[in-house]
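Secondary and tertiary structure notes
Here's the letter readout for the chains.
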Amino acid sequence: MECADVSRMWTDGAEYGTLHSHLYSATSASPPTNDTTAPPDGAYEYRFDLGESFRKDVYAANATRILYIHARFTVVTAVDQGNAIFHCSPPGTNPIALFLNTDNTLQLSVFIGGAWFSAGSASSALATGTVYRVEWKIDSIANVFAFKLEGTDVAGDQSVTIGDIGGSAGGIEIGLSTALGTVGQVRMDSLAINDDQGSFQNTWVGEQHVIHLHSDSAGDNTAWTPLAGNNWDNVEEVPSDDITTYNSETVLNDIDDYNYGASGLGSAVIDVVHVTDRWINPLFIGSAKHVLRIKASSGGTVEESAELPAVTIWTMLTGNTEPKLYPLTLYDLPGASATAWTAADLDTAQAGVRISTGGGVACRVSNLPIVVGYHSAVAARRRVGPALMSANAGYF
């Protein structure tokens, strides 16, 4: 299930509090930890020890595209042998990567004949314990790859045979995935992936920070049935507690809306807003189904996602089928608005759920965050693309 204008393929600040299996396509035998020690954004970041990684697939099948990957990146312990921090194995061609070297420099690398070879210039050495903006480009149209450090080109476009990107083979591996050597630890926060399609966020990500907003009071509608207590309180916990607290409903068009805590973003520029939830339908047959919804204020214009499928295990994003993307992605205010989101809009926003297909078995929802990608006003960038409505199933 893909929205029509989703060029921001992924936004993740580790703020789910745990690495839910439905967030990613696959993890290594040792997945990373959601760490709270010193995250640069929000309450969590990912900590990767040697050999820990996960893979994010953004296309269901092979595609000739350009991908732009972003992370706020910190070296905690230097590696004793070069390791990939971003890694892709396009079908039928040589794997490519952005490597962290033993001297804390970064360098493009390609795997040929059983060994990794460097391509282009290395970056300056990264200071241990310092947060850097690292960006990697994979261009399967021009067959080049490149990277930036703190917004500055390091090696420029380097020629490499990439071919198509897509499916499980062409996903992006993130972490210390090559597991070379014996020591090394890095941390990553505010992960983002753009591609070259759509009207917004279709080039380098640039400065990016990611936070989650969580429900803090009842919104305009409270028609769903809480397991106990208040509806809004059943969907705000981190990490999601699934069966412990949830809201459920069977009746067509019954709605729950929730208010959210203040964003605290002030004059920041909002790049993208996602809505997702964690839900289950205890039975495939006869289960009610739902859509997600958002509005910028009480009584405001509502935008909804496409209908989410019936699933029998607790699930996130668009379900169990790749690619697992956000069900609801907006670059402008809900509806046909061409006005960008502001922090003030986020402070009054309501998000929620509506039963889109009634059934005899209730749909249950246990968590419903608003995911926000933003950059500081002092680093304001030109909005990429014309002012078009956001890309989801509909609005009213």
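Our subject is the structure that appears above.
What comes next is a walk through the structure. (Residues numbered from 1 in each chain as written. Predicted model: local features only at pLDDT ≥ 70, side-chain atom pairs only at ≥ 80, totals over all residues. Heavy atoms only, no water.)

1. Brief notes about the overall build of the chain
- Secondary structure summary: the chain contains 1 helix and 31 strands in total.
- Here the chain has a C-alpha radius of gyration of 21 Å; the compact-globule value for 396 residues is 21 Å, and the two agree.
- Each of the three principal axes of the chain carries a C-alpha extent, and together these read 60 × 40 × 40 Å.
- When burial is assessed residue by residue, the chain has 59% of its 396 residues classed as buried.
- Intrachain contacts of the chain at a sequence separation of at least 6 include 74% that bridge at least 24 residues.
- Accessible surface, the chain: about 13500 Å² in total, of which carbon and sulfur atoms supply 51%.
- Here the chain contributes 20 positive and 43 negative side-chain charges, whose respective centroids are spaced 3 Å apart. (Helix = DSSP H or I, 4+ residues; strand = E, 2+ residues; numbered from the N terminus. Rg over C-alpha atoms; globule rule 2.2 N^0.38 Å. Buried < 20%, exposed > 50% of the residue type's maximum accessible area, 1.4 Å probe, protein only. Contact = heavy atoms within 4.5 Å. Areas by Shrake-Rupley, 256 points an atom, 1.4 Å probe, with all protein chains shown as cover. Lys, Arg positive; Asp, Glu negative; His and termini not counted. Charge placed at Lys NZ, Arg CZ, Asp CG, Glu CD.)

2. With respect to the side chain of lysine 324
- Following the sequence through the fold, lysine 324 ends up in the loop between strand E26 (315-316) and strand E27 (328-330).
- By relative accessible area, which is 7% here, lysine 324 ends up buried.
- Not counting the four nearest positions on each side in its chain, lysine 324 is found in contact with Trp10, Ser21, His22, Tyr24, Lys56, Asp57, Leu317, Thr318 and Gly319.

3. Some thoughts on the sheet that holds strand E29 (residues 363-367)
- The 5 strands lie next to each other as E19-E20-E29-E23-E26, forming an open sheet whose pairing is antiparallel. On the outer flanks of this sheet lie strand E19 (225-226) and E26, each paired with one strand and no other.
- Alignment of strand E20 (residues 247-249) against E29, held across 3 bridges, turns out to be antiparallel. Bridge assignment links asparagine 247 to a residue of E29, and that residue is valine 365. (Pairing = 2+ DSSP bridges.)

4. Structural notes on the pairing of strand E28 (residues 350-357)
- Burial analysis of E28 places 7 of its 8 residues in the buried class, which makes it a mostly covered element.
- With 5 bridges joining them, strand E21 (residues 255-260) and E28 adopt antiparallel strand pairing. Its bridge partner lying in E28, tyrosine 258 is registered against alanine 351.
- As defined by bridge partners, strand E24 (residues 289-295) adjoins E28 across 7 bridges and the pair is classed as antiparallel. From the neighbouring strand, histidine 290 faces E28, where its bridge partner is isoleucine 355.

5. Thoughts on the pattern of salt bridges
- Enumeration over the complete set of coordinates arrives at 16 salt bridges.
- For the salt bridge of glutamate 135 with arginine 133, the shortest nitrogen-to-oxygen distance reads 3.3 Å.
- Of the residues examined, glutamate 135 reaches a relative accessible area of 1% and is grouped as buried.
- Between glutamate 322 and lysine 324 there is a salt bridge whose closest N-O contact spans 3.7 Å.
- Within the structure, one salt-bridge network assembled from shared partners comprises Asp220, Asp257, Arg293, Lys295, Glu304 and Arg354. (Salt bridge = Lys/Arg side-chain N within 4 Å of Asp/Glu carboxyl O.)

6. As for the environment of valine 365
- In this structure, valine 365 sits in strand E29.
- It is 13 Å that separates the C-alpha atoms of valine 365 and glycine 319, two residues lying 46 residues apart in sequence.
- Excluding anything up to four places from it in sequence, valine 365 contacts Trp224, Val235, Tyr246, Asn247, Asp277, Arg278, Trp279, His290, Trp314 and Val353.

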